[in-house]
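One-letter residues, chain by chain:
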Amino acid sequence: MASEFDLIRRFFERPARDGSRTLLGVGDDAALVRVEPGMALAVATDMLLAGRHFPDATPPRALGHKALAVNLSDLAAMGATPRWATLSIALPEADEAWLTEFSAGLFALAQRFDVDLVGGDTTRGPLAISVTVLGEVPAEHALTRGGARPGDDIWVSGELGQAAAALAALQGRVQLALPGAAQARARLDMPEPRVALGERLRGLASAAIDVSDGFAADLGHVLERSGVGALVHYAQLPGVRTGDAALDLRCALAGGDDYELIFTAAQSARAAIALLGPALDIALSRVGAIQATPRRLVVLGADGAPITPPTGYDHFAASA
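Everything numeric in this text was worked out from a predicted model, so none of it was measured.

Colleague: Outline a nonpolar patch on the surface, listing residues and values.
Modeller: Together, Val33, Val35, Met39, Leu41 and Val43 make up a nonpolar patch on the protein surface, roughly 360 Å² of accessible area in all. The dominant element in the nonpolar patch, judged by the number of residues it contributes, is strand 3 (residues 39-49), at three residues.

Encoded structure:
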């Protein structure tokens, strides 16, 4: 059986890339990286547990992609450019075929975004994956959750609820027709981090967050940090359509794993933001406005009546 260090060398060590800002990567006690002058270092960490964050039957190549993608999404929400990543993984066994596929998925996405894997850890145990990503952003242009102001527009990228609809289909709560079913499953297993959008929103957006626990819950974090409220029109949300109106509402407002960006911006930025969508081939939808009422989210239905948003994902809630 391969040792821990054999596994690291075979599946996770890669030669340095030309032009890389990594001075010393995998194989030593710590990595050495070079941060450009004037840049702030953005750091994000996520843990994925089998059976809680992904179905047990998730293909290992997709899992390698997702483990990195969910962290890149956090950097996108900060307007940061990803540079480096570390990986800590607990494995029930040293399954070389599984590791081959997992590392292929991880490195394929890392190569797309010029990310170097610079360290981590391996151990034996129930399958658990923790990735930390580090990126650079001009300190004065970093996006945070705390910059939304009354009168700002609220925008969201892409489509909401596809991953949640795929999970509902896997659990037998809805039947999705092809090709929509395949597209939804791809969004669940292999989300697309909106890194380029985050970078282009520097200087345009006033606040941003990625949608990991559900639109309403994550927008709520922006309202909390910014000390503002929001008015959202449900009919303007780019939500999935399954044929079940109640499920559609829940997927759009409370479905997790979208990894789209919610961002706020002054009305004067509308024209510039509208140009970003075609330039990046991403749908951008203006769905509401920031209000002065602190920390109050109002969602209006098509008939103009308020909707009570369903609760988003919470790791420690009784129903989680």
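Colleague: Account for the packing of helix 4 (residues 162-170) against helix 5 (residues 180-189), with residues named and values stated.
Modeller: Orientation of helix 4 relative to helix 5, taken along the N-to-C sense of each, is 105 degrees, at an axis distance of 7 Å. Regarding the angle of helix 4 to helix 5, the classification is roughly perpendicular. Contacts between helix 4 and helix 5 involve Gln162, Ala163, Ala166, Leu167 and Leu170 from the first element and Gln183, Ala184, Arg185, Arg187 and Leu188 from the second. A class-by-class count of the residues in the contact of helix 4 with helix 5 yields six nonpolar, two polar and two charged.

Colleague: Got a sec to walk through the pairing of strand 7 (residues 153-157)? Specific residues and values, please.
Modeller: Burial within strand 7 is extensive, with five of its five residues counted as buried. Here strand 7 shows two buried faces, one formed by Asp153, Trp155 and Ser157 and the other by Ile154 and Val156. Alignment of strand 7 against strand 10 (residues 261-265), held across four bridges, turns out to be antiparallel. From the neighbouring strand, Asp153 faces strand 10, where its bridge partner is Ala265. When strand 7 meets strand 11 (residues 284-291), the two strands line up antiparallel, connected through five bridges. Directly across from Ile154, in strand 11, lies its bridge partner Gly288.

Colleague: Can you lay out the packing of aromatic side chains for me, pointing to particular residues and giving the numbers?
Modeller: Counted by the stated rule, this structure contains two aromatic pairs. Plain terms: the ring middles of Trp155 and Phe263 are 6.1 Å apart, the flat faces sit at 0 degrees to each other, and that makes the pair stacked. With Trp155 in strand 7 and Phe263 in strand 10, the pair connects residues that are 108 residues apart, well separated along the chain. The exposure classification of Trp155 matches that of Phe263, with both residues buried.

Colleague: Just give me the short version of the environment of Arg21, but keep the residues and values in it.
Modeller: Inspection of the secondary structure puts Arg21 in the loop between helix 1 (4-11) and strand 1 (22-24). What makes Arg21 partly exposed here is its relative accessible area of 21%. Once the C-alpha coordinates of Arg21 and Leu134 are considered, the two residues, 113 residues apart in sequence, prove to be 12 Å apart. Not counting chain neighbours up to four residues away, the residues in contact with Arg21 comprise Val33, Arg34, Glu36, Arg83, Trp84 and Glu136. At a separation of 2.3 Å, a polar atom in the side chain of Arg21 contacts the side chain of Glu136.

Calculation criteria
Residues numbered from 1 in each chain as written. Predicted model: local features only at pLDDT ≥ 70, side-chain atom pairs only at ≥ 80, totals over all residues. Heavy atoms only, no water. Patch = residues over 30% accessible without salt bridge, like charges linked within 9 Å, V, L, I, M, F, W, Y side chains within 5 Å. Areas by Shrake-Rupley, 256 points an atom, 1.4 Å probe, with all protein chains shown as cover. Salt bridge = Lys/Arg side-chain N within 4 Å of Asp/Glu carboxyl O. Helix = DSSP H or I, 4+ residues; strand = E, 2+ residues; numbered from the N terminus. Axes fitted to C-alpha atoms, helices over the stretch in contact; angles between N-to-C directions. Parallel < 35°, antiparallel > 145°, perpendicular 65-115°, else oblique. Contact = heavy atoms within 4.5 Å. Nonpolar A, V, L, I, M, F, W, Y, C, P; charged D, E, K, R; others polar. Buried < 20%, exposed > 50% of the residue type's maximum accessible area, 1.4 Å probe, protein only. Pairing = 2+ DSSP bridges. Phe/Tyr/Trp six-rings, centres within 6.5 Å; stacked < 30°, edge-to-face > 60°. Polar contact = N/O pair within 3.5 Å; in protein donor to acceptor, adjacent residues only side chain to side chain.

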